[in-house]
Amino acid sequence: MDLELSDEQEAVRRLARDFVRREVTPHAAAWDRAEEVDRGIVKKLGEVGFLGLTIDETYGGSGGDHLAYCLVTEELGRGDSSVRGIVSVSLGLVAKTIAAWGTEEQKRTWLPGLTSGEHVGCFGLTEPGTGSDAGSLATRAVRDGDEYVIDGSKMFITNGTWADVVLQFARSTDAPGHKGVSAFLVPTDTPGLTRRAVHGKLGLRGQATAELVFDGVRVPASAMLGEEGKGFSVAMSALAKGRMSVAAGCVGIAQAALDAAVAYAGEREQFGKPIAGHQLVQELISDIAVDVDAARLLTWRVADLIDRGKPFAVESSKAKLFASEAAVRAANNALQVFGGYGYIDEYPAGKLLRDARVMTLYEGTSQIQKLVIGRALTGVSAF
Ligand code: FAD
């Protein structure tokens, strides 16, 4: 693996850095307080091509490889994890999954809108009673002529109240185990689908998170993504790539923590000199720096494997596990460098810590990533 970025990748990173400096960073604290990101950011993300990365230009995508996608995701996470999450879900979990599994008609129907930012996508797997054990989901899709009728509910759905389409998972056959699960693309204005915003989150407060309720929602059979009964494979393939995107966002959080800690340590004086000159403050800062580099290298390795067509799912779990725990550590260490000022929202460390915390929970908790890695190493499933 070549750790040197190509000219093209450097250009994408510069573009993302400038975009975030201009369009995201100045508003991040206000969006966090208001519990709502300005929706206009979606169109801007589309215009600059960030919602179409890795997607073929035939469908409105902006192409590029997975390393470029990671670079952009890292910069967005460095600016505001709420904005990063919009892209990780609408592009990462929805558009990329349609590109991988969709029929020609599904790709032409959904990808141009999702990649331009005209439409937003959300990913509905988790249910009120089903989180880590996603395969046991209870939402049902019953065949009725040329349609399916969907009943059930989905919980904690990122982009939920904003989305135009939900990639959702329901049990459509009585085949045992995960085999009965199928994936469906459901327009959110379909009668019978209602949404309720989830408020009061610890972090990612600017992001629109929702509960979705399906009450007799009718979709044509052509709304199924992938084959009947293959929905769990669709979900797991989406999450395998999604975990890389979460990891890249965590690298961004940790990098932001490092930037903030170094800058503050140079300005703040105690005991007659900048706190940067105290050895234990340097320990905090160097611990953050090592976490940033280690998380970034694990994440880039996943991108490299995907771009070379190699198996990557276990490496993606390792990157997500390490990077999410590292982001929490890094933000917490940065808060310590800020002392009492780290505890108030005038300074960035508190938000970084709140935003980092959920990364160890969604797209598979840290415990679930360890079970994935453990199964691969031992050949024994402990699920
Ligand atoms: P549980 O599964 O109930 O887990 C509770 C605890 O038990 C955890 O510590 C877990 O690690 C542990 N545990 C469970 N099983 C085992 C086991 N076998 N061995 C060891 N420990 C175990 N979901 C979506 O589908 N789409 C989204 O867009 C989405 N966005 C989200 C956004 C936010 C802000 C949040 C908070 C969640 C989001 N989720 C989304 C849901 C998220 O993926 C789940 O919360 C997560 O998978 C954990 O499920 P749970 O909350 O039900 O916890």
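Residues numbered from 1 in each chain as written. Predicted model: local features only at pLDDT ≥ 70, side-chain atom pairs only at ≥ 80, totals over all residues.

On to the overall build of the protein chain, then. If you tally the helices and strands in the protein chain, you get ten helices and ten strands. Relative to the 2.2 N^0.38 estimate, which gives 21 Å for 383 residues, the radius of gyration of the protein chain is 21 Å and therefore close to what a compact globule would have. Reported as C-alpha extents along the three principal axes, the dimensions of the protein chain are approximately 80 × 45 × 40 Å. For the protein chain, the residues scored as buried account for 52% of the 383 residues in total. Long-range contacts, defined here as pairs at least 24 residues apart, represent 74% of the contacts in the protein chain between residues at least 6 apart. (Helix = DSSP H or I, 4+ residues; strand = E, 2+ residues; numbered from the N terminus. Rg over C-alpha atoms; globule rule 2.2 N^0.38 Å. Buried ≥ 20, exposed ≤ 12 C-beta atoms within 10 Å, placed from the backbone. Contact = placed C-beta atoms within 7 Å.)

Another point: the nonpolar core. As a rule of thumb, soluble globular proteins bury nonpolar side chains together. Counting 121 residues, the largest nonpolar core has Phe 184, Cys 250, Ala 254, Ala 257, Ala 331 and Ala 334 as its most contacted members. Here this core gets 21 residues from one element, more than from any other, and that element is helix 6 (residues 231-267). Discounting chain neighbours no more than four positions away, the residues touching Cys 250 are Gly 77, Ala 295, Ala 323, Ser 324, Ala 326, Ala 327, Ala 356 and Met 359. (Core = buried A, V, L, I, M, F, W, Y, C linked by C-beta atoms within 7 Å.)

According to UniProt, the positions carrying the feature "domain: Acyl-CoA dehydrogenase/oxidase C-terminal" (unreviewed entry) are residues 229-377. Overall, residues 229-377 shows 76% helix and 3% strand. The separation of its end C-alpha atoms is 28 Å. (UniProt positions renumbered as here; feature names shortened; annotations may be inferred.)

With that settled, consider the packing of helix 6 against helix 8 (residues 313-338). Relative to each other, helix 6 and helix 8 sit at 20 degrees, their axes nearing to 8 Å. In this view, helix 6 runs roughly parallel relative to helix 8, as classed from their interaxial angle. Crossing of helix 6 over helix 8 shows left-handed handedness. Here the contact of helix 6 with helix 8 is built from residues that sort into 24 nonpolar, four polar and two charged. (Axes fitted to C-alpha atoms, helices over the stretch in contact; angles between N-to-C directions. Parallel < 35°, antiparallel > 145°, perpendicular 65-115°, else oblique. Left-handed = near helix turned anticlockwise from the far one by under 90°. Nonpolar A, V, L, I, M, F, W, Y, C, P; charged D, E, K, R; others polar.)

A word on the UniProt feature "domain: Acyl-CoA dehydrogenase/oxidase N-terminal" (unreviewed entry) in the protein chain. Following the UniProt record, one finds the feature "domain: Acyl-CoA dehydrogenase/oxidase N-terminal" (unreviewed entry) at residues 6-118. Taken end to end, residues 6-118 comprises 74% helix and 0% strand; its first and last C-alpha atoms sit 31 Å apart.

Turning next to the site of the ligand. The local shell around the ligand holds 22 residues, among which Leu 125, Thr 126, Gly 131, Ser 132 and Thr 365 are the closest. The residue inventory of the shell around the ligand, partitioned by class, reads twelve nonpolar, eight polar and two charged. (Near = placed C-beta within 6 Å.)

Below, the discussion takes up unusual backbone geometry. Of note in the backbone geometry, Glu 35 takes a positive phi value of approximately 60 degrees without being a glycine. Within the secondary structure, Glu 35 sits in the loop between helix 1 (7-34) and helix 2 (40-47). On the basis of neighbour counts, which here come to 16 C-beta atoms within 10 Å, the residue Glu 35 falls in the partly exposed class. One non-glycine residue, Phe 271, adopts positive backbone phi at about 55 degrees. Of note, Phe 271 is situated in the loop between strand 9 (269-270) and strand 10 (273-274).

This part takes up the pairing of strand 2 (residues 140-144). Regular strands place side chains that alternate from one sheet face to the opposite one. Both strand 2 and strand 3 (residues 147-158) contribute to a ladder of five bridges, which runs antiparallel. Among the inter-strand pairings, Arg 143 is bridged to a residue of strand 3, identified as Tyr 148. Joining the antiparallel neighbours strand 2 and strand 3 is a turn of two residues, in which Gly 145 adopts a positive phi near 65 degrees. (Pairing = 2+ DSSP bridges.)

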